[in-house]
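If you want the building blocks of each chain, they are given just below.
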Amino acid sequence: MKLEKILDKLGSIEKNSFIKIIDNIISKNPKNSKEIQKILSSSDKGLKSVDNQNISRIFELTSGEFQEHIKCEFQEITSQLDILIDIIIRDGNCIMKQDWFSRLYEKEIKHLNSRIKNLTTDSSNDKSELSETKKRDYKIYKACLHTAYHNDIENNRDSRISSDELSIILTLSKQLGLSQEEIKLINYSILPAKTIDIQEVIKGLKNIGIIFFSNKENTIYVADEMVRMLRRVREKEVAEKFYRRTLKLLREPIINQIAREHNIDRKLSYAQKIEEIIKEGVSFTNLLLEDIYKPGSTLTDKKKTLNELCEKGLNISNLKGSVLEEKINSLIEHFENVERDEKVGISLDGFDKLLTELNQSLPKLNKQIKEQFELQEEFVLKADFLLDYNIKPRDILDLIVKTDLTIFIKDNGIKQRGDDILNILEHYKDVENLYLENFENVAYRNLNLLKENGITVKESELGLKFEELTKIIFEGLGFNVDDTLKNQLNTKKDMIDILLNLNNNEIIIVECKTSKERGYNKFSTVSRQLKSYQNVALKNDLRIVKILLIAPEFSDDFVTDCEMDTEMNLSLITASTLLNILEAFKTSKYTEFPHVLFRDIIINEERIIKALSK
């Protein structure tokens, strides 16, 4: 979930720790202070009175300093920050109830202590699969860390690792080629990890600005922007879902080679080995620099292998860079851009339809997704729900084994030649058009006809669906559907459905009404609404060029009342007329619909289509 959306959910007290940290960074003249001051200049009371959209912008501008602030917290050796961050940056853990977080934390500590025991045994066992080089590396790192921590006791001071010592230890771990997981296991073999009270854990994470905690919902929120920052802190260059996507393109002998190098049981299944490599915290960069190639590969061979992996496997062409490191950085940057992109790749309805049909063909998938992403809800195959966790259609399909994908493709008449996942995504792209074809049925709330036409939707969702489709139509007509300005104008009492920004402080207000009854006839109710919206806009010095009311149809009485109204510049459009205007517009010479054509009380479809065809 984006930072702005989380801030919108919370009260001022729940944001306080986060705001204080940013305020503190601003007071120390950060790198982007000029841009920050421009934002703050519009507010008299400083950061606390800035709106949530601008707080998100300021967080982005102070991200470098915020990251350094988090790194400093690692000097507190008993904080268990590495354990906690590794939990919250996993795909699916950005929204958690307190009890669920507590369960995951206790499970992590238990699992960690078990692995420390195994590592200690393997390090001292001559018959273990650990190479002598690895044993030596572990021994060197452990000895240095032990000295850094215990030398304070010898000097009669509290045990801690200074920033200088931490810097040296991090350099040592890199040169020894240790993964984040190996480092963590050795660290906690010196200072055993004990379970801390979950209230104290949440308080600590909240105070350093990593999480938000909603007291009302008893829920932890971690912003998508924060997750990306925390991954950088933990030197995990890409999200697990992209790491998995890359690993699944490698043949099993290569996966076994990586497993051997990082002390992962090669007897596990192919899918299990991939998950263990991800959990092990193996550097994505090191993986693509060294681990995926056959022994003795030349630099030219490595470049060729990486290019094939990206172009044929990941469908990414023309990676920037002439040297291997530059190409890998370019790939990491590509994955970051994909993650930041709010687009789903298919329509929201397409995602919902995909999930519904996946659940029908593969009944065990819900449990698999729930376990993979450590989700608390029982039924998780819901598009809106998954998108809040930044889980997109491709991320779901990446988890399905080849045999199950084949079953699903056959069950749903999906193209079988070529890439299975791309074929599935293409198949569900057209659902938006399917909804538009049924625009009038949505307006009439005709559930039976919608069902017959392959659309499954709850009646309670039809009003919002009609509004979403109307937005799509006006965007198709070339209008600027301005949600930002709309949200600035909207109050708890007055909620405009759609606002078209014509620039120069001129707007069109659009109201959407669905109705099962033939002939929409509630003029007195809707006119009060529209006049209230009009007053809000006028108070904000906006000129209302037109108010449009979209409904399935209008009664004669409604049209007469509208004609008699002298306070609003109101026009009526039926759902079928609006859709037909869009179709005519697509083949016209215009790039933006000439809004002056919206001049009648009840919009004349024939006249407008004739005008567009000239």
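Here we summarise the structure given alongside this text. Keep in mind it's a predicted model, so treat the numbers as computed, not measured.

Remarks on the overall build of the protein chain
Counting its regular elements, the protein chain contains 33 helices and seven strands. Each principal axis of the C-alpha distribution contributes one length, and for the protein chain these read about 95 × 60 × 45 Å. Here the protein chain, with 614 residues, has 51% of them falling under the buried criterion. The contacts of the protein chain with a sequence gap of at least 6 include a subset with a gap of at least 24, amounting to 65%. For the protein chain, the computed accessible surface area is about 31500 Å², with 47% contributed by carbon and sulfur atoms. In the protein chain, 93 side chains carry a positive charge and 102 a negative one; their mean positions are 2 Å apart.

Some details on the pattern of salt bridges
A complete count under the given rule lists 42 salt bridges for this structure. Between arginine 543 and glutamate 506 there is a salt bridge; the shortest N-O distance is 2.6 Å. Of the two residues, arginine 543 sits in strand S6 (residues 543-551) while glutamate 506 sits in strand S5 (residues 506-512), which places them 37 residues apart along the sequence. Linked by salt bridges that have partners in common, Asp86, Arg90, Glu108, Arg115, Glu181, Lys184, Arg234, Lys236, Glu280 and Glu374 make up one network.

Thoughts on the packing of aromatic side chains
What the rule picks out here adds up to 16 aromatic pairs. Their ring planes at 40° and their centres at 5.8 Å tell us that phenylalanine 18 and phenylalanine 66 sit as a pair that is tilted. Here phenylalanine 18 is found in helix H2 (residues 12-27), whereas its partner phenylalanine 66 is found in helix H5 (residues 63-73), with 48 residues between them in sequence. On the basis of relative accessibility, which here comes to 2%, the residue phenylalanine 18 falls in the buried class. The interplanar angle of 80° and the centroid separation of 5.2 Å between the aromatic rings of phenylalanine 59 and phenylalanine 66 together place this pair among those described as edge-to-face. The two residues phenylalanine 59 and phenylalanine 66 agree in class, both being buried. For the cation-ring pair, lysine 382 lies above phenylalanine 385, with the distance from its terminal atom to the ring centre recorded as 5.2 Å. Positioned above the aromatic ring of tyrosine 435, the side-chain terminus of lysine 465 is 4.8 Å from the ring centre.

Focus on the sheet that holds S5
An order of S4-S5-S6-S7 is seen for the four strands of this open sheet, with the pairing classed as mixed. Where the open sheet ends on each side, the last strands, each with one partner, are strand S4 (498-503) and strand S7 (570-574). Mean inter-strand twist for the sheet, computed between neighbouring axes without regard to direction, equals 20°. Direction of pairing for S4 relative to S5: antiparallel, over a ladder of five bridges. Counterpart to isoleucine 498 in the pairing with S5 is valine 510. Contacting S4, S5 and S6, helix H28 (residues 462-476) runs over the sheet at an angle of about 145° to S5.

Overview of the sheet that holds strand S1 (residues 95-97)
In space, the three strands of this open sheet follow the order S1-S3-S2, with antiparallel pairing throughout. Strand pairing shows two members of the sheet lacking a second neighbour, S1 and strand S2 (212-214), which therefore form its edges. On average, each strand axis in the sheet is inclined to that of its neighbour by 25°, with strand direction left out of account. As paired elements, S2 and strand S3 (residues 219-221) share three bridges and run antiparallel to each other. Looking across to S3, one finds that phenylalanine 213 is bridged to isoleucine 220.

Re the side chain of glutamate 108
As for its position among the elements, glutamate 108 is in helix H7 (residues 98-124). In this structure glutamate 108 touches Ile83, Ile87, Arg90 and Lys184, once residues within four positions along its chain are discounted.

Description of the environment of isoleucine 292
Its place among the elements puts isoleucine 292 in the loop between helix H16 (284-291) and helix H17 (299-313). For isoleucine 292, a relative accessible area of 5% gives the class buried. Through-space distance from the C-alpha of isoleucine 292 to that of isoleucine 258 is 7.1 Å; in sequence the pair is 34 residues apart. Ignoring anything within four residues of it in the chain, the contact list for isoleucine 292 reads Leu250, Ile254, Gln257, Ile258, Leu287 and Leu309.

Section: the environment of asparagine 256
As for its placement among the helices and strands, asparagine 256 is situated in helix H14 (residues 252-261). When the C-alpha atoms of asparagine 256 and methionine 495 are compared, they prove to be 58 Å apart, with 239 residues separating the residues in sequence. Filtering out sequence-adjacent residues up to four positions away, asparagine 256 remains in contact with Arg266 and Lys273.

Considerations on helix H32 (residues 575-586)
Between its first and last C-alpha, H32 extends 17 Å over 12 residues, near the 16 Å set by a 1.5 Å rise per residue. When H32 is considered as a whole, its buried residues turn out to be Ala575, Thr577, Leu578, Leu579, Ile581, Leu582, Ala584 and Phe585.

Digging into the nonpolar core
Membership of the largest hydrophobic core comes to 103 residues, with the highest contact counts inside it found for Phe18, Phe66, Phe101, Ile210 and Met226. Ranked by the residues each element gives to this core, the list is headed by H7, at eight residues. Once you skip the residues sitting within four places of it in the chain, phenylalanine 101 turns out to touch Leu84, Ile87, Ile88, Met96, Ile198, Val201, Ile202, Leu205 and Ile220. If you look at the next biggest cluster of nonpolar residues, it comprises 40 residues, including Leu477, Ile508, Ala584 and Leu612.

Here we look at helix H20 (residues 365-372)
Where H20 is concerned, the buried positions are Leu365, Asn366, Ile369 and Lys370. Seen end-on, H20 carries its buried residues on one side only, within an arc spanning 135°. Residues of H20 that are exposed and point more than 90 degrees away from the buried face comprise Lys367 and Glu371. Looking at the buried side of H20, the elements it contacts are helix H19 (348-361), helix H21 (383-388) and helix H22 (393-397). Of the residues trailing H20, glutamate 374 is marked for its positive phi of about 50°.

Structural notes on the pairing of S4
In terms of residue burial, S4 counts as a mostly covered element, since five of its six residues are buried. What sits between the antiparallel neighbours S4 and S5 is a turn of two residues, in which asparagine 504 has the positive phi angle 55°.

Rules used throughout
- Residues numbered from 1 in each chain as written.
- Predicted model: local features only at pLDDT ≥ 70, side-chain atom pairs only at ≥ 80, totals over all residues.
- Heavy atoms only, no water.
- Helix = DSSP H or I, 4+ residues; strand = E, 2+ residues; numbered from the N terminus.
- Buried < 20%, exposed > 50% of the residue type's maximum accessible area, 1.4 Å probe, protein only.
- Contact = heavy atoms within 4.5 Å.
- Areas by Shrake-Rupley, 256 points an atom, 1.4 Å probe, with all protein chains shown as cover.
- Lys, Arg positive; Asp, Glu negative; His and termini not counted.
- Charge placed at Lys NZ, Arg CZ, Asp CG, Glu CD.
- Salt bridge = Lys/Arg side-chain N within 4 Å of Asp/Glu carboxyl O.
- Phe/Tyr/Trp six-rings, centres within 6.5 Å; stacked < 30°, edge-to-face > 60°.
- Lys NZ or Arg CZ within 6 Å of the ring centre and 35° of its normal.
- Pairing = 2+ DSSP bridges.
- Axes fitted to C-alpha atoms, helices over the stretch in contact; angles between N-to-C directions.
- Expected span 1.5 Å × (residues − 1).
- Core = buried A, V, L, I, M, F, W, Y, C linked by side-chain atoms within 4.5 Å.
- Arc of directions from axis to C-beta.

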